[in-house]
Amino acid sequence: MIYDLIQNGFTIDVVLNLFARIFVMFCILPVHEFAHALIATKLGDQTARLSGRLTLNPLAHLDLFGALMMIIAGFGYAKPVPVNMNNFNPKKRKSSMALTAIAGPVSNLIMAFLFSVFYCALFKFGNPTDGSLTQAIVLFFLYVAQINVSLAVFNLIPVPPLDGSRILTAILPDKYYYTIMKYERYIVYAVLALVLFGALDTPIAWATNGIMRLFIKGAGLIFGMHVG
C-alpha cells in the first residue's frame, strides 16, 4: 500500500484498496474473532464470552498494531480471543482447540466467497463501465474478497501465534507442541519481520490468487457466467 502510494499516488485503485482494507479491519476481523469465540463457547470454554469477546463489536477486538499491518500489508490481526483448553471435554481437547482455531480462517473464506458473489452479481447486472460508480463498487467487492482470502491463508501458516499453529494441536504430540510454544514470543517477532519486509508476499499472493480464481469461477456459475 505504501509503495503503491509512492509510485502512483491516490489513484482510484489505490483508494478503493485502502477503503477495502479499512472495511475489513472494522467489519471482517470482528467476524473472524467472533467465530473463534463462538466455537470455543459451543465446545465448553466460556473464557471468550466472559471476556466480552463473543461480539461483533470491532472495538472489542481491535489491535492497533494489527490494524496498522492491515493498512500497510493487507493482512493484519485483531486481539487474540482468549481460549482455555482445560475447559474443553478432556477427551476432545486437541480437536476442540483445532476447531476453534480453524473457525477464524473459515469465516474469512466464507466472507470471501460471499463478496465474490456480490462481485459477479454486480458485474453481470450492474453493467460497469470505466470510471462509473458501479465499476468502483465492483472493484471494492473484489478487493474485499481478496483480502479475506489473504487473511485466511496468512492465518493458516502453522507458526505461533497464527491459527495454523493451534490447528497443529490436533496432530502433534504434546511434547513437540509445547516445545514450539516455549519459543512462541520469538517466533512472533520473526513472523512480524517477515511480513513487514514482504518476505511472505509472494507465497501468500500465489495461494490467494489460486483460491480467488476458484471462488470467482464458482460465484460466476451461480449467474451463468463463464469466468476464466
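What counts, and where the lines are drawn
- Residues numbered from 1 in each chain as written.
- Predicted model: local features only at pLDDT ≥ 70, side-chain atom pairs only at ≥ 80, totals over all residues.
- Heavy atoms only, no water.
- 1 Å grid on protein atoms, 1.4 Å probe; cavity = no way out; pocket = protein on both sides within 12 Å on 5 of 7 lines; lining within 4 Å.
- Points joined across faces, edges and corners; volume = space filled by probe spheres on them.
- Helix = DSSP H or I, 4+ residues; strand = E, 2+ residues; numbered from the N terminus.
- Nonpolar A, V, L, I, M, F, W, Y, C, P; charged D, E, K, R; others polar.
- Expected span 1.5 Å × (residues − 1).
- Buried < 20%, exposed > 50% of the residue type's maximum accessible area, 1.4 Å probe, protein only.
- Contact = heavy atoms within 4.5 Å.
- Axes fitted to C-alpha atoms, helices over the stretch in contact; angles between N-to-C directions.
- Parallel < 35°, antiparallel > 145°, perpendicular 65-115°, else oblique.
- Left-handed = near helix turned anticlockwise from the far one by under 90°.

**Some remarks on the layout of surface pockets**
Of the voids in this model, the largest pocket is the one considered here, and its volume is about 560 Å³. Along its surface, the largest pocket is lined by 26 residues, and P80, P161, L162, D163 and R166 are the ones closest to its centre. Breaking the lining of the largest pocket down by element, the ones donating at least two residues are α2 (12-42), α5 (93-125), α6 (133-155), α7 (163-167) and α9 (184-196). Looking at side-chain class alone, the lining of the largest pocket contains 16 nonpolar, five polar and five charged residues. Computed from the structure, the second largest pocket encloses a volume of approximately 470 Å³. Forming the walls of the second largest pocket are 20 residues, and the residues nearest its centre are R21, A73, G74, F75 and S150. Those elements giving two or more residues to the lining of the second largest pocket turn out to be α2, α4 (64-73), α6, α9 and α10 (201-222). Here the element with the most residues in the lining of the second largest pocket is α10; it accounts for six residues. The residue inventory of the lining of the second largest pocket, partitioned by class, reads eleven nonpolar, seven polar and two charged.

**Quick look at α10**
Its 22 residues place the ends of α10 31 Å apart at the C-alpha level, agreeing with the 32 Å of an ideal helix rising 1.5 Å per residue. Taken together, the buried positions of α10 are I204, A207, T208, M212, F215, I216, A219 and G220. For α10, the secondary structure elements touched by its buried residues are α5 and α6.

**Focus on the packing of α2 against α6**
Two elements in contact, α2 and α6, have axes whose closest approach is 8 Å; the angle formed by their N-to-C orientations is 50 degrees. As summarised for this structure, α2 and α6 are arranged oblique, according to the angle between their axes. Along this stretch, α2 crosses α6, giving a crossing that reads as right-handed. Where α2 abuts α6, its residues D13, L16, N17, F19, A20, R21, F23, V24, I28, L29 and H32 lie against A136, L139, F140, Y143, V144, I147, N148, L151 and N155. Looking at the contact of α2 with α6 residue by residue, the class counts come to 14 nonpolar, four polar and two charged.

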